[in-house]
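Residue strings, one per chain:
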Amino acid sequence: MNPYLTTDRGILFHGDCLELLKSMKNNCIDTVFADPPFNIGKDYKNGYDDKSNQDVYLDWCSQWISECSRILKPGGSFFLYATPELNIKFGNILNKYLQFRHWIAMSMKGTFRRGNRLYPAHYSMLYYSKGEPKTFNNLRTPIPKCRHCGGEIPDYGGHRNKMNPDGVNLMDFWPDTSPNRHKKFKVREGVNELKSIIPQRAIQISTNENDIVFDPFGGGGSTYQTAQKLNRNWIGVELYDCHHIKKRMEDEFGLFLGREPNFALDDIFEAVSI
Ligand SMILES: C[S@@+](CC[C@H](N)C(=O)[O-])C[C@H]1O[C@@H](n2cnc3c(N)ncnc32)[C@H](O)[C@@H]1O
């Protein structure tokens, strides 16, 4: 598979992630971040058919989950963003290879109740590691403020003087991750992408500068843009339309486009030439 684009820190392939994964060596990646298609008939506006037989879909998922676990370094981390219903199944697959760390619940607004079910208000992100994590950076988030008066919301127990000035410890519930649905906030028209804060936190928690992040489902390129910005190296792949990713990287990191990645490709791939 030939690279579609490179930067000084990254390399994007245009093709099938399973095919790329098969060309990758064992134990070579620090963090995997995956936001797969959910097989719910969503229109990705890039040619991808998001509705196949559920057994075929789950079999495909076990293959890429097992491959992504294989390429992780000992102590590396795997973040998998999906609906709770899917993540219950994905967790069962991951349990065979990796160690569970967290189920991170993320607020999801703008959904609706169906039939005799509860109103779904969260998506989830599984966080696993290959044995004990080799990197865990504890993040802090600003003390929540009232959106009417701007004052701090005193749900920290009232001991304001004992609070860390950098904020509160990041929890396993993230209330600030719902996609911006209003047109004025949309980053790119018609592109399926996560709010960057999601891959950003995953990368910051589990890697240090120059570590390598792999995302098998490029989409709008949120993971690659975030990794590049945080001075992490990255490897990506997208089966369908890659031009949104290219545009995004050009807009923000134009100068670095077309450069050779600064990490050894021989350590990662059986055979890739740029
Ligand atoms: C949910 S989107 C990822 C969005 C991305 N996390 C972002 O925030 O920009 C999933 C993407 O996976 C791509 N895809 C589906 N099957 C694939 C495969 N076998 N290999 C690589 N990419 C694939 C789809 O075309 C779609 O763009």
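For the structure itself, look to the data block above.
For the structure given in this document, a descriptive report is provided here.

Parameters at a glance
Residues numbered from 1 in each chain as written. Predicted model: local features only at pLDDT ≥ 70, side-chain atom pairs only at ≥ 80, totals over all residues. Heavy atoms only, no water. Pairing = 2+ DSSP bridges. Helix = DSSP H or I, 4+ residues; strand = E, 2+ residues; numbered from the N terminus. Contact = heavy atoms within 4.5 Å. Axes fitted to C-alpha atoms, helices over the stretch in contact; angles between N-to-C directions. Buried < 20%, exposed > 50% of the residue type's maximum accessible area, 1.4 Å probe, protein only. Near = heavy atom within 4 Å. Polar contact = N/O pair within 3.5 Å; in protein donor to acceptor, adjacent residues only side chain to side chain. Areas by Shrake-Rupley, 256 points an atom, 1.4 Å probe, with all protein chains shown as cover. Nonpolar A, V, L, I, M, F, W, Y, C, P; charged D, E, K, R; others polar.

## Details of the sheet that holds strand β1 (residues 3-6)
The strands making up a sheet associate through backbone hydrogen bonding, with each pair oriented either parallel or antiparallel. The nine strands are arranged β1-β2-β11-β10-β3-β4-β6-β5-β9 in an open sheet whose pairing can be described as mixed. With one partner strand each, in any of the chains shown, β1 and β9 (173-174) form the two edges of the open sheet. Across two bridges, strand β3 (residues 29-34) lies against strand β10 (residues 212-215) in parallel orientation. Directly across from Thr-31, in β10, lies its bridge partner Val-213. Set on the sheet, helix α3 (residues 84-94) makes contact with β4 (72-82), β5 (99-107) and β6 (122-129); between it and β6 the angle comes to about 10°.

## Things to note about unusual backbone geometry
Glycine aside, a negative phi is what most residues show, and trans is what most peptide bonds show. Phi at Asn-210 is positive, roughly 75°, even though this residue is not glycine. With respect to the helices and strands, Asn-210 occurs in the loop between α4 (197-206) and β10. Accessibility expressed as a relative area gives 46% for Asn-210, which makes it partly exposed. A positive phi is found at Asn-231, a non-glycine position, where the angle reads about 60°. Looking at where Asn-231 falls in the secondary structure, it is placed in the loop between α5 (222-229) and β11 (233-238).

## With respect to the site of the ligand
Contacts to the ligand come from 23 residues, most closely from Asp-35, Leu-194, Gly-220, Ser-222 and Glu-238. Measuring from a nitrogen atom of the ligand, one finds a side-chain N or O atom of Asp-16 at 3.0 Å. In this structure, an oxygen atom belonging to the ligand sits 2.7 Å away from a main-chain N or O atom of Leu-194. In the complex, the protein chains occlude 98% of the 610 Å² of accessible area that the ligand would expose alone. Here the residues of the shell around the ligand are counted per class, giving eleven nonpolar, eight polar and four charged.

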